[in-house]
Every structure is written in C-alpha cells, then in structure tokens.
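Results of the structural survey
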Amino acid sequence: MAQQSSHTDRAVWIDTETDQLLIYLFNNRDKVGDTGNFKDVTYNGAAEAIAVYLQHGPQKTGAMCKMKWGSVSYTNISLSYMLIRYCIKYCQLSGVHWDNVTGANIQGEAATLVWNEYISKKVCHVLY
C-alpha cells in the first residue's frame, strides 16, 4: 500500500516569508545558472534567511524554497514576484548588461525601448 504524506509536513507560506524569499533570491540573482534557476545551495541559504519569519507549519527547507520559486502562477502570484523573474530572464538575453552596482543600466533611447518592449509583453500576462 502506498504511504500517504501527512499535511503536517507541507509548507505553509505567509506573505512575509514569500517576500523575504523573493528579496533573498533577488539579492543573490548573480547565482542564477544557465537554465534560469538557482543551485540548491542558494535555496538552502534562502531557507536559513527566512527561518526567523516562520509562523505556521514546518521549518522551510531549500527544497521547499525551490518549489515556491518554481510555482509561478499568473493567478496567485504578486506582480513584484513576476517582475523579479522577468528581470532575471531579461538579464540573460544576448547583449544585455547587468552588474550589482548599476543593475541593468538601462540608459539611452535604444536600451529603454528594448526594456519597455520586453517588460510590456510580460506585464500584460500578469495584469490582464
């Protein structure tokens, strides 16, 4: 007979934990790999960073943080969360610059047009 998992081992996310997870991952965006995802060590660090915000359910693990990060849904995710993901993907485009001092450093009319066109397509999916 298959063993059923109990509901007590499921992650229960409050908004503060989700926000802090996003902040941690955004601040560690330089650790995104070629596939557009983080390594397990980054998720483990995120779990440690958000531990102080735990209010319900079990302590979050790196695996839980990875699942939360991967559970992008247009119907239940905040706009800021989506924008962070789009910014990370934007930075992986060919010819796009990113550093931790100036960010994407979008300057000039041409760069602004590229950014605005890119983000307008992405934000439309979230807002409409």
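Provided above is the structure to which this section pertains.
Residues numbered from 1 in each chain as written. Predicted model: local features only at pLDDT ≥ 70, side-chain atom pairs only at ≥ 80, totals over all residues. Heavy atoms only, no water.

**Notes on the overall build of the protein**
If you tally the helices and strands in the protein, you get five helices and zero strands. Counting all 128 residues of the protein, 30% fall into the buried class. Contacts in the protein between residues far apart in sequence, at least 24 positions, make up 55% of those at least 6 positions apart. Of the roughly 8,500 Å² that the protein leaves accessible, carbon and sulfur atoms contribute 54%. (Helix = DSSP H or I, 4+ residues; strand = E, 2+ residues; numbered from the N terminus. Buried < 20%, exposed > 50% of the residue type's maximum accessible area, 1.4 Å probe, protein only. Contact = heavy atoms within 4.5 Å. Areas by Shrake-Rupley, 256 points an atom, 1.4 Å probe, with all protein chains shown as cover.)

**Considerations on the pattern of salt bridges**
Tallied over the entire structure, the rule returns three salt bridges. The partner of K60 in a salt bridge is E17, with the nearest N and O atoms 2.9 Å apart. Highlighted residues: K60 in the loop between helix 2 (40–50) and helix 3 (62–70) and E17 in helix 1 (residues 15–27), separated in sequence by 43 residues. Grouping residues by exposure puts K60 and E17 together as buried. Residues K66 and D40 are paired through a salt bridge, measuring 3.6 Å at the closest nitrogen-oxygen approach. Residue K66 is located in helix 3, and its partner D40 is located in helix 2; the two are separated by 26 residues in the primary sequence. (Salt bridge = Lys/Arg side-chain N within 4 Å of Asp/Glu carboxyl O.)

**Remarks on the side chain of T42**
Structurally, T42 can be placed in helix 2. For T42, a relative accessible area of 3% translates into the label buried. Not counting residues within four places of it along the chain, the set of residues in contact with T42 comprises Y24, L25, N28 and K31.

**Topic: the packing of helix 1 against helix 3**
Contact geometry of helix 1 with helix 3 gives a least axis separation of 11 Å together with a crossing angle of 90°. Judged on the interaxial angle alone, helix 3 and helix 1 are roughly perpendicular. Two secondary-structure elements touch here, helix 1 through T18, L21, L22 and L25 and helix 3 through C65, K68 and W69. (Axes fitted to C-alpha atoms, helices over the stretch in contact; angles between N-to-C directions. Parallel < 35°, antiparallel > 145°, perpendicular 65-115°, else oblique.)

**What about helix 2?**
Among the residues of helix 2, T42, Y43, G45, A46, A47 and I50 are the ones counted as buried. The secondary structure elements touched by the buried residues of helix 2 are helix 1 and helix 3.

**Observations concerning the environment of I106**
Turning to its location among the elements, I106 is positioned in the loop between helix 4 (79–91) and helix 5 (108–127). For I106, a relative accessible area of 31% translates into the label partly exposed. When the C-alpha atoms of I106 and V96 are compared, they prove to be 9.3 Å apart, with 10 residues separating the residues in sequence. Not counting chain neighbours up to four residues away, the residues in contact with I106 comprise A111, T112 and W115.

**With respect to the environment of R29**
For R29, the position within the fold is in the loop between helix 1 and helix 2. When the C-alpha positions of R29 and I88 are compared, they lie 7.0 Å apart, and in sequence the two are 59 residues distant.

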